[in-house]
Amino acid sequence: MIKLRGAFTAMITPMKGDGSVDYEGFRKHIKNQLEGGINGLVPLCTTSETPTLDEDEEEKMIEIIMNEVRSWEKAKGVKVPVIIGAGSNNTRDAVRYTERAKKAGADAALVVTPYYNKPSKEGLFRHFEAVSKVGIPIIVYNIQGRTGTNIPTDVLARIAELPNIAGVKEASGNINQMMEVIAQIKSKHPDFVVLSGDDGLTLPLMAAGGDGVISVVSNLTPSLITQMVNYSLKGDFDSARKVHYRLLPFFKAAFVDGNPTSIKYAMNFKGLPAGAVRLPLVEVTESAKKTIEAALKECNL
């Protein structure tokens, strides 16, 4: 099973002023990421505004990213994993989306904790058991702040024993829980990857033995996030800290008025393809704009 270590971008979905998907902007965004040296890409995730995308839009985006990445790999002789978001609070849909990712040739699927339903521990296990049977590597996505349910470490340990479970995107915001996952699961299964779901916690997690990040900030700064992660993977934490502290003000500003609203404003401000957001999301406030612009200046971005 492929080992998904490094810096991965949780990709935004560029949109036009009328709210339609800007497919050419998406193609440009992919190329910018690849040229910036990012280790992998994660479309159709939270940052992609997937809850408001139609399935035909999603399928068009999958087609574009798979074509662009595979062409890049062929031309450059490198591997750039694509992890396609495949989560749902309906297990049958999560299985169907995971099958779609497999059929498209994705390297893995990102499957979020079922939201709104608030399943029991056994329900959580069986949900991931169902998607694991599809036959594609699965990254479990634990983010209580958006789903209302945390995956306890003992449950994740059961899930990690299932076939095709490749790792976890840990966005609990709890560094102690992340270290528990490393101590109790990764220690027994060295190939089980633990990826940060919070840009600001990437360096601490990697110092504790984590494997990288699925990053929002790398939509704007793929090369810097990749540098920080690669330094950490090599054990050069002095160099990694320099990048971390340079970016720290923007790690905060990139979420000052929600996600992906804040990162999209920053990208638009810097002339990158991002565009509008779809309701129920709205543009960031005037005070948030000032905070984001000040952070960009402070970080020399």
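Look a little higher up for the structure.
For every chain, the first residue of its written sequence is number 1, and the numbers climb from 1 along that sequence. pLDDT decides what is reported in this predicted model: residues at 70 or higher carry local features, side-chain atom pairs at 80 or more are listed and counted, and totals for whole chains, interfaces and linings draw on all residues regardless. Side-chain descriptors were evaluated using all non-hydrogen atoms of the structure, hydrogens and water having been removed beforehand.

Caption draft 1: Examining the overall build of the protein chain more closely. The numbering of helices and of strands both runs from the N terminus, where a helix is a DSSP run of H or I of at least 4 residues and a strand a run of E of at least 2. Looking only at helices and strands, the protein chain has twelve helices and eight strands in total. Note on method: radius of gyration uses C-alpha positions; expected globular size equals 2.2 Å times residues raised to 0.38. Against the 2.2 N^0.38 benchmark of 19 Å for 301 residues, the protein chain shows a C-alpha radius of gyration of 18 Å, consistent with a compact globule. By principal-axis analysis of the C-alpha atoms, the protein chain measures approximately 45 × 45 × 40 Å. Out of the 301 residues in the protein chain, the part that is buried amounts to 53%. Type-normalised accessible area, obtained with a 1.4 Å probe on protein chains alone, sets the label of each residue: buried when under 20%, exposed when over 50%, and partly exposed for intermediate values.

Caption draft 2: The nonpolar core, seen in detail. To qualify as a nonpolar core, a set must consist of buried Ala, Val, Leu, Ile, Met, Phe, Trp, Tyr and Cys residues joined through side-chain atoms within 4.5 Å. The biggest cluster of nonpolar side chains holds 80 residues, and the ones touching the most others in it are I30, I65, I159, F192, I225 and F250. In this structure I159 touches L124, F125, F128, V140, I151 and I165, once residues within four positions along its chain are discounted. Residues L4, L110, I139 and L195 belong to the second largest nonpolar core, which totals 17 residues. Whether two residues are in contact is decided by their heavy atoms, any of which lying within 4.5 Å being enough.

Caption draft 3: Region of the structure containing the sheet that holds strand 8 (residues 212-215). A pair of strands is treated as paired once DSSP finds two or more bridges between them. Strand order in the open sheet formed by eight strands is 2-1-8-7-6-5-4-3, with parallel pairing between adjacent strands. At either end of the open sheet lies a strand with only one pairing partner, and these are strand 2 (40-42) and strand 3 (83-85). In this sheet, adjacent strand axes meet at a mean angle of 30° when their direction is disregarded. Sheet topology places strand 6 (residues 165-170) next to strand 7 (residues 193-196); four bridges connect them, and they run parallel. Across the sheet, the residue bridging to E170 is S196, located in strand 7. Axes here refer to lines fitted to C-alpha atoms; in helices the fit is confined to the stretch in contact. Angles between the N-to-C directions go from 0 to 180 degrees.

Caption draft 4: Representation of the packing of aromatic side chains in the model. Note on aromatic pairs: the rings of Phe, Tyr and Trp (six-membered ring only in Trp) are paired at centre separations within 6.5 Å, and the planes decide the class, stacked below 30 degrees, edge-to-face beyond 60, tilted for the rest. Summed over the entire model, instances satisfying the criterion amount to one aromatic pair. Charge-over-ring contacts are defined here by two conditions on Lys NZ or Arg CZ: a distance within 6 Å of the ring centre and an angle within 35 degrees of the ring normal. The ring of W72 carries K76 above its face, with NZ or CZ at 5.1 Å from the centroid. Here the basic side chain of R158 rests over the ring of F125, its NZ or CZ set 3.8 Å away from the ring centre.

Caption draft 5: Inspection of unusual backbone geometry at higher detail. The amide bond that connects N259 to the next residue, P260, takes the cis arrangement and shows omega of 10°. Take P260: it is sitting in the loop between helix 10 (237-253) and helix 11 (261-269). Here the amide bond leading from L279 into P280 is cis, since omega sits at 15°, within 30 degrees of zero. With respect to the helices and strands, P280 occurs in the loop between helix 11 and helix 12 (286-298). For N164, which is not glycine, the phi torsion reads 75° and is therefore positive. With respect to the element layout, N164 can be found in the loop between helix 6 (153-160) and strand 6. Take N164: its relative accessible area is 26%, and that puts it in the partly exposed class. Even without glycine at this site, N300 takes up a positive phi of about 60°.

Caption draft 6: Looking closely at the pairing of strand 1 (residues 6-10). A large share of strand 1 lies buried, amounting to five of its five residues. Summarising the sheet, strand 1 and strand 8 pair through four bridges and their orientation is parallel. Across the sheet, A7 pairs through a bridge with V213, a residue of strand 8. Note on handedness: a crossover is taken as right-handed if, strands pointing away from the viewer, the path from the first strand over the helix to the second is clockwise. Remark: the strand 1/helix 1 (residues 23-35)/strand 2 crossover connection has right-handed handedness.

Caption draft 7: Summary view of helix 4 (residues 121-132). Relative to the 16 Å expected for twelve residues at 1.5 Å per residue, helix 4 spans 17 Å between its end C-alpha atoms, a close match to the ideal helical length. Among all positions of helix 4, only L124, F125, H127, F128, V131 and S132 are buried. Relative to the axis of helix 4, the buried residues are bounded by an arc of 160° and lie together on one face. Residues of helix 4 that are buried sit in contact with helix 3 (91-104), strand 4 (108-112), strand 5 (138-142), helix 6 and strand 6. One less than the residue count of a helix, multiplied by 1.5 Å, gives the span that helix is expected to have. This arc is taken over the directions from the axis of the helix to the C-beta atoms.

Caption draft 8: Structural context of the packing of helix 9 (residues 222-233) against helix 10. At a minimum axis separation of 8 Å, helix 9 and helix 10 run at an interaxial angle of 145°. For the element pair helix 9 and helix 10, the recorded crossing hand is left-handed. Every residue of helix 10 that contacts helix 9 at L224, I225, Q227, M228, Y231 and S232 is listed here: F237, S239, A240, V243, H244, R246, L247 and F251. In a left-handed crossing the near helix is turned counterclockwise from the far helix by less than a right angle, and in a right-handed crossing that turn is clockwise.

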